[in-house]
Structures are given as C-alpha cells and as structure tokens.
Amino acid sequence: MKKLIYLDNAATTKTSPEVVSAMLPYFTEHYGNPSSVYGFAAANKEVITKQREIIAGVLGAKSNEIYFTAGGTESDNWALTATAEAYAAKGKHIITSKIEHHAILHTCEYLEKRGYEVTYLDVDENGLVDPKAVEAAIRPDTILISVMFANNEIGTIEPIAEIGRIAHEHGVLFHTDAVQAFAHVPINVDECNIDMLSASGHKLNGPKGIGFLYIRKGVKIRSFIHGGAQERKRRAGTENVPGIVGLGKAVELAAASMQERMDYEIELRDYLIDRIEKEIPYCRLNGDRKKRLPNNVNFSFRFIEGESLLIMLDMKGICASSGSACTSGSLDPSHVLLAIGLPHEIAHGSLRMTLDEETTREDVDYVVDNLKEIVAQLRSMSPLYEDFVKKQA
Ligand SMILES: *Cc1c(COP(=O)(O)O)cnc(C)c1O
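Just so it is clear, the model here is predicted, and its values are computed rather than measured.

Novice: What exactly am I supposed to notice about helix 10 (residues 306-315) here?
Specialist: Counting along an α-helix, one turn takes 3.6 residues, and residues three or four places apart therefore face a common direction. For helix 10, the set of buried residues is Gly306, Leu309, Leu310, Met312 and Leu313. Phi turns positive, to about 80°, at Gly317, one or two residues after helix 10.

Set out below in structure tokens:
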C-alpha cells in the first residue's frame, strides 16, 4: 500500500477496531427498536443506559444528564438555540468568543437575526480568552456564555474552570464545545461549573454521526427534535443504537488510556514543533505553547500558500490541513488565525498537523524532512520571497 501518514485527527479520527467490533452485533443481531415492548428489543434500552453511564462517569456527571445527538454540530445548535428560547424572558444576550467552531458562530448569527444580541470576545495572540473580559461582558440580560474547551485549529485550551466560576457567580449558564477536548484531556463538569457540554464520537476514535450534549440537571432546555419520547422527550427519533454503543466503547477506551496517550502525544508534538522551529526558517507556531491539546501542531510559514503546501504533502502521502475542514472550501483565511492577529498573507500559509497514538517518531521525521524540502521549493518560486531575500542581503 502507498505510504499514508494521517495527521488530520482534528478533522476526524479512525474508528478503532474494538469500537467497530462492539458496534457490529447491533446491526446484525440486536437490531430491535429500544422502544419496543418485547425483551429482544427492549434489552437495547439497557445497553443505551450503560453507555450513558460510561460517558457520565468520565465527566463526573449523572447518566440522566447525557443526551445522545447526531454529533458535535447538533449538540452546539441545541445548546444555543434551546437555551436562547427557554431563557428569553430573562434576557437575549449571549457571550461567546471569536474563535469558536462554525457550529457555534453560525448558530449565533442565526440567533442575532431573531433578536438576540451576541458579544464575540477577542482572544490574545495565543488564542486565549481572558476570563476578565468574560466578566466585563456580562450584563443583567446575559443568559448564556459559550466558550470552547479547546480550539480545533490552533489547539489552545481555554481557562474553562475560571470562566465557569465567573458564569456561576453571575448566575449565567455556561456551555462549552468540548468536541476536541473530551476524552483527550481530563474534564470534570462540576469542577469547571459547566452546565452544558458538546462532544462528538468521530473526534475520539468513535463513529461519525453520533455525539452527545451534557445538560446539567435543572437547566431549562427545550426539546430539540420533536417526535417520540426518546432522550427524555428532548431529542426524539429512534436511537442510533450501533452509534451509541460505538461512542460508549470509544469513550471507555479513551478514558482508560488517557494519561498514557497524553504523555505520548505531548512528547511527539513537542518533538515535531522543535524540529520545525530549528530547521525551517520564517515560521511561527500558532496557539499557546503549553495550554495546548496534546496532539495539535499549527504553524504559519511566510511566503507560502497553504493549499500548495497541502497538495505537495499529499503527493508524499501526508494528510494535513491548512485550517479547519470547514473553512478550506473558501478563499478567506481562517477566522481563528485572523482573531489571533495574523495578517492575511501569513494566515494563508498555515498548516495544521494533528497526531494520534499511532503516529510514530519515524512518521514525524519523514514529515519534517519532506516539509523542509517542500517549503524551500515553494519559496524558491515565490517572487515575494525573492524580494525579501534581496532586502536581507
Ligand atoms: C468537529 C467539531 C465540531 C463538529 O462536530 P461534528 O460531530 O463533526 O458535527 C464542533 N466543534 C468543534 C470544536 C469541532 O472540532
């Protein structure tokens, strides 16, 4: 088989073989509808409850606070729109950050069209939200603060516990999009004062099209999908039993090996960062060096066009990303890179590489060796680089 080095685990991950094996019987043997009365199908209700317990255990939550959805995007949409509706009598102001995933930002835009006001907080040059700025933005009519746990492009981990404390001191609900962080770094919903949390199966070696929203008991939240009585009548529709089983298995596996995996990825991540910084000139690491997802590396290379870089890496069997998969369809540079203050031309030359536990040191060496050559080659064709070198001389 052709060499394939997959460094795009922030876009999606491989479904673990153990997860696939756990799911298969729920297609072929235990295919009953959990709402049916006979034992053959009703047993699936208990299977679902078991998965809820596994997930709740990892978060320090209760199992009836976990609601299965079709993924991170749905969880984000639900958390925002349903809170907005349920708390409209208290106020119509929402606080979020400029570097959220589009699942949050576009939902906020939708709410703005419906009479809600949204404050989009700035971040610093490393992508950190300042908890003091969160506090300063709170108004009597603020109903929700939504700040992501960790950023999908630059990997920065936000001061979630502090933001949660501030939210609760002011009696405001706190939601976090933890799609990149859940099952990758430890999260406890009580310690962080989190009222709602979004997560997604395919970002943690589980299947696509399944995720959950944690909703703290007592939060008034409207049903999202209307129909049957599934998910305590809040998210109707016959349960995705194989997906739920796969998600539960993936969470169980991730939780069991979390520390080990973090240590492994952090060492490899820092080795990759170190080699790039030492061996490729005119580059900039994006995101916070320490408060960073264990598997995220994001660099901007001056005088380089990100898309060309991706194509040439692809020819070497290396899969990476120049921003988020959702932005690569457009010509605008990523909103995250602009929010951390990068000029357009530097934001355009960005590369995100996200590792997993199967990435090896040999893979990293192969990637850096090729990257070095490709960057040099692309720069040698760049008139801007030529001018720059002349001026330096
Ligand atoms: C991937 C991602 C989402 C969307 O999740 P899906 O399950 O793909 O809908 C939302 N937020 C963040 C931070 C993500 O990385």
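Novice: Can you help me understand the domain arrangement of the protein in this one?
Specialist: Reports of interface size often rely on the accessible area that becomes lost once the parts have come together. According to the domain assignment, the protein contains domain 1 (5-12 + 258-392) and domain 2 (17-253). Between the C-alpha centres of domain 1 and domain 2 there is a distance of 29 Å. The partner domain 2 presents 30 residues to the 27 residues of domain 1 that form the contact. Of all residues in domain 1, the largest losses of buried area upon contact with domain 2 belong to Met258, Leu293 and His335, amounting jointly to 24% of the total for that side. At the surface where domain 1 touches domain 2, the tally comes to zero salt bridges. Of all elements in the fold, only helix 9 (258-279), strand 10 (296-301) and helix 11 (335-339) reach the threshold of two or more residues within the side of domain 1 that touches domain 2. The element best represented in the side of domain 1 that touches domain 2 is helix 11, accounting for four residues. When grouped by side-chain class, the residues that make up the side of domain 1 that touches domain 2 number 11 nonpolar, 10 polar and six charged.

Novice: What exactly am I supposed to notice about the sheet that holds strand 5 (residues 142-146) here?
Specialist: Two orientations exist for strands paired in a sheet by backbone hydrogen bonds: parallel and antiparallel. The seven strands are arranged 2-8-7-6-5-3-4 in an open sheet whose pairing can be described as mixed. Two strands bound the open sheet, and with one partner strand each, they are strand 2 (66-69) and strand 4 (117-121). With strand direction ignored, the average angle separating the axes of adjacent strands in the sheet is 20°.

Novice: Is there a simple way to think about helix 4 (residues 72-86) in this case?
Specialist: Under the 1.5 Å per step criterion, the end-to-end length of helix 4 is 21 Å for 15 residues, consistent within 8% with the ideal 21 Å. Buried residues dominate helix 4, accounting for 12 of its 15 residues. Taken as a whole, helix 4 has its buried residues at Gly72, Glu74, Ser75, Asp76, Trp78, Ala79, Leu80, Thr81, Ala82, Thr83, Ala84 and Ala86.

Novice: Got a minute to help me understand the pairing of strand 3 (residues 93-97) in this structure?
Specialist: Remark: a regular strand shows side chains that alternate across the two faces of the sheet. Counting buried positions along strand 3 yields five of five residues, so the element is predominantly enclosed. Neither face of strand 3 is open: one carries His93, Ile95 and Ser97, the other Ile94 and Thr96, and all of them are buried. With five bridges joining them, strand 3 and strand 4 adopt parallel strand pairing. Along strand 4, the bridge assignment pairs Ile94 with Val118. Note that the unit made of strand 3, helix 5 (residues 102-113) and strand 4 has a crossover that is right-handed. Pairing geometry for strand 3 and strand 5, over four bridges, is parallel. When the bridges of strand 5 are listed, Ile95 appears paired with Ile145.

Novice: What's the story with the nonpolar core in this structure? I'm lost.
Specialist: Looking at soluble globular proteins, one finds that nonpolar side chains tend to be buried together. By size, the foremost hydrophobic cluster in this structure holds 65 residues, and its most contacted members are Leu59, Ile145, Phe182, Ile194, Leu197 and Phe212. The residues that make up this core include at least three from each of domain 1 (5-12 + 258-392) and domain 2 (17-253). Not counting the four nearest positions on each side in its chain, Phe182 is found in contact with Ile55, Val58, Leu59, Ile187, Ala199, Leu204, Phe212 and Val251. Listed in part, the 29 residues of the second largest apolar core include Tyr271, Val297, Ala320 and Val368.

Novice: Explain the pattern of salt bridges to me, please; I cannot follow it from the model alone.
Specialist: When the charged atoms of two side chains lie near each other, side chains of opposite charge can form a pair. Following the criterion strictly, the structure yields 23 salt bridges and no others. Glu358 serves as the salt-bridge partner of Lys14, at 3.0 Å between the closest nitrogen and oxygen. Here Lys14, found in the loop between strand 1 (5-6) and helix 1 (17-23), pairs with Glu358, found in the loop between strand 12 (350-354) and helix 13 (361-380); they are 344 residues apart in sequence, far enough to count as distant. You can call Lys14 partly exposed: its relative accessible area is 46%. One salt bridge in this structure joins Glu386 and Lys390, with 3.8 Å as the shortest N-O distance. One end of the pair, Glu386, and the other, Lys390, are both in helix 14 (residues 383-392), four residues apart, so they sit about a helical turn from each other. Overall, the relative accessible area of 46% leaves Glu386 in the partly exposed class.

How each quantity is defined
Residues numbered from 1 in each chain as written. Predicted model: local features only at pLDDT ≥ 70, side-chain atom pairs only at ≥ 80, totals over all residues. Heavy atoms only, no water. Buried < 20%, exposed > 50% of the residue type's maximum accessible area, 1.4 Å probe, protein only. Helix = DSSP H or I, 4+ residues; strand = E, 2+ residues; numbered from the N terminus. Domains from an automatic or database assignment. Contact = heavy atoms within 4.5 Å. Buried area = accessible area lost by both parts, 1.4 Å probe. Salt bridge = Lys/Arg side-chain N within 4 Å of Asp/Glu carboxyl O. Nonpolar A, V, L, I, M, F, W, Y, C, P; charged D, E, K, R; others polar. Pairing = 2+ DSSP bridges. Axes fitted to C-alpha atoms, helices over the stretch in contact; angles between N-to-C directions. Expected span 1.5 Å × (residues − 1). Right-handed = clockwise from strand over helix to strand, strands pointing away. Core = buried A, V, L, I, M, F, W, Y, C linked by side-chain atoms within 4.5 Å.

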